[in-house]
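Notes for the structure review
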Amino acid sequence: MEIWINPACSKCRSAVQLLDGEGAEYTVRRYLEDVPSPDEIRAVLDRLGLEPWDITRTQEADAKELGLKEWPREAGSRERWISALAGHPKLIQRPIITADDGTAVVARTDEAVRDAMGR
């Protein structure tokens, strides 16, 4: 498993604490420092079964500056959203766990973290 985290995020710290408490084997990716490429974002979206706007933090200052709330949420705009996430990684919802079975979850709850560990 790999977990994308922002160490300043309480949800990320809780997820890591739970993984450690359960003795899970995983790697940490500090995605603000090791920014995912557009291809990596596409791959995670495929694993999540979500669209880029589904994992975008629209309340962030960068999102407001870009006017993301006004962007169309449709297939034709998908690449624009992915480029925004790659260019402004703070916009990526966190934490994201890529599970061993090829799926992924946005692990904002203990239940989601446990779900990822069971995959």
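Residues numbered from 1 in each chain as written. Predicted model: local features only at pLDDT ≥ 70, side-chain atom pairs only at ≥ 80, totals over all residues. Heavy atoms only, no water.

A separate point is the overall build of the chain. Scanning the chain from N- to C-terminus turns up 5 helices and 4 strands. For the chain, whose C-alpha radius of gyration is 14 Å, the value lies close to the compact-globule estimate of 14 Å for 119 residues. Taken over 119 residues, the chain has a buried fraction of 43%. If you take every contact in the chain between residues at least 6 apart in sequence, the share linking residues at least 24 apart comes to 61%. With the model as given, the accessible surface of the chain reaches about 6300 Å², and the carbon-plus-sulfur share is 43%. The averaged location of the 22 negative side-chain charges in the chain is 6 Å from the averaged location of its 17 positive side-chain charges. (Helix = DSSP H or I, 4+ residues; strand = E, 2+ residues; numbered from the N terminus. Rg over C-alpha atoms; globule rule 2.2 N^0.38 Å. Buried < 20%, exposed > 50% of the residue type's maximum accessible area, 1.4 Å probe, protein only. Contact = heavy atoms within 4.5 Å. Areas by Shrake-Rupley, 256 points an atom, 1.4 Å probe, with all protein chains shown as cover. Lys, Arg positive; Asp, Glu negative; His and termini not counted. Charge placed at Lys NZ, Arg CZ, Asp CG, Glu CD.)

With that settled, consider the packing of helix H2 (residues 38-48) against helix H4 (residues 78-87). Packing of H2 against H4 brings their axes to within 9 Å, and their N-to-C directions diverge by 115 degrees. Of the possible angle classes, the one that applies to H2 and H4 is roughly perpendicular. Here the hand of the crossing between H2 and H4 comes out right-handed. Residue-level inspection shows Pro38, Ile41, Arg42, Leu45 and Asp46 of H2 in contact with H4, the latter providing Arg78, Glu79, Ile82, Leu85 and Ala86. Looking at the contact of H2 with H4 residue by residue, the class counts come to 6 nonpolar, no polar and 4 charged. (Axes fitted to C-alpha atoms, helices over the stretch in contact; angles between N-to-C directions. Parallel < 35°, antiparallel > 145°, perpendicular 65-115°, else oblique. Left-handed = near helix turned anticlockwise from the far one by under 90°. Nonpolar A, V, L, I, M, F, W, Y, C, P; charged D, E, K, R; others polar.)

Here we come to the sheet that holds strand E2 (residues 27-30). With respect to topology, 4 strands assemble into an open sheet ordered E2-E1-E3-E4, the strand pairing being mixed. Two strands close off the open sheet at either side, each with one partner strand: E2 and strand E4 (104-106). When strand polarity is set aside, the average angle formed by the axes of neighbouring strands in this sheet is 20 degrees. Seen against the sheet, helix H1 (residues 10-21) touches strand E1 (2-5) and strand E3 (96-98) and runs at an angle of roughly 155 degrees to E1. (Pairing = 2+ DSSP bridges.)

Glancing now at the environment of Thr103. With respect to the helices, strands and loops of the structure, Thr103 is situated in the loop between E3 and E4. Between the C-alpha atom of Thr103 and that of Ala86, which follows or precedes it by 17 residues, the distance is 20 Å. Beyond its immediate stretch of four places on either side in the chain, Thr103 contacts Arg47, Ile97, Thr98 and Arg119.

Here the structure, examined in full by the defined rule, presents 0 disulfides. Distance from the sulfur of Cys9, which forms no disulfide, to the nearest cysteine sulfur (Cys12) is 3.5 Å. For Cys9, a relative accessible area of 7% translates into the label buried. A relative accessible area of 1% means that Cys12 is categorised as buried. (Disulfide = S-S within 2.5 Å.)

Moving on: the pattern of salt bridges. With the rule as written, the count across this model stands at 8 salt bridges. With a shortest N-O distance of 2.4 Å, Arg42 and Asp39 are connected by a salt bridge. Remark: Asp39 and Arg42 occur in helix H2; sequence separation between them is 3 residues, near one turn of the helix. Residue Asp39 is classed as exposed on the basis of its relative accessible area of 56%. Between Arg42 and Glu79 there is a salt bridge, with the nearest N and O atoms lying 2.6 Å from each other. Taken together, the residues Arg42 in helix H2 and Glu79 in helix H4 connect sequence positions 37 residues apart. Take Glu79: its relative accessible area is 38%, and that puts it in the partly exposed class. (Salt bridge = Lys/Arg side-chain N within 4 Å of Asp/Glu carboxyl O.)

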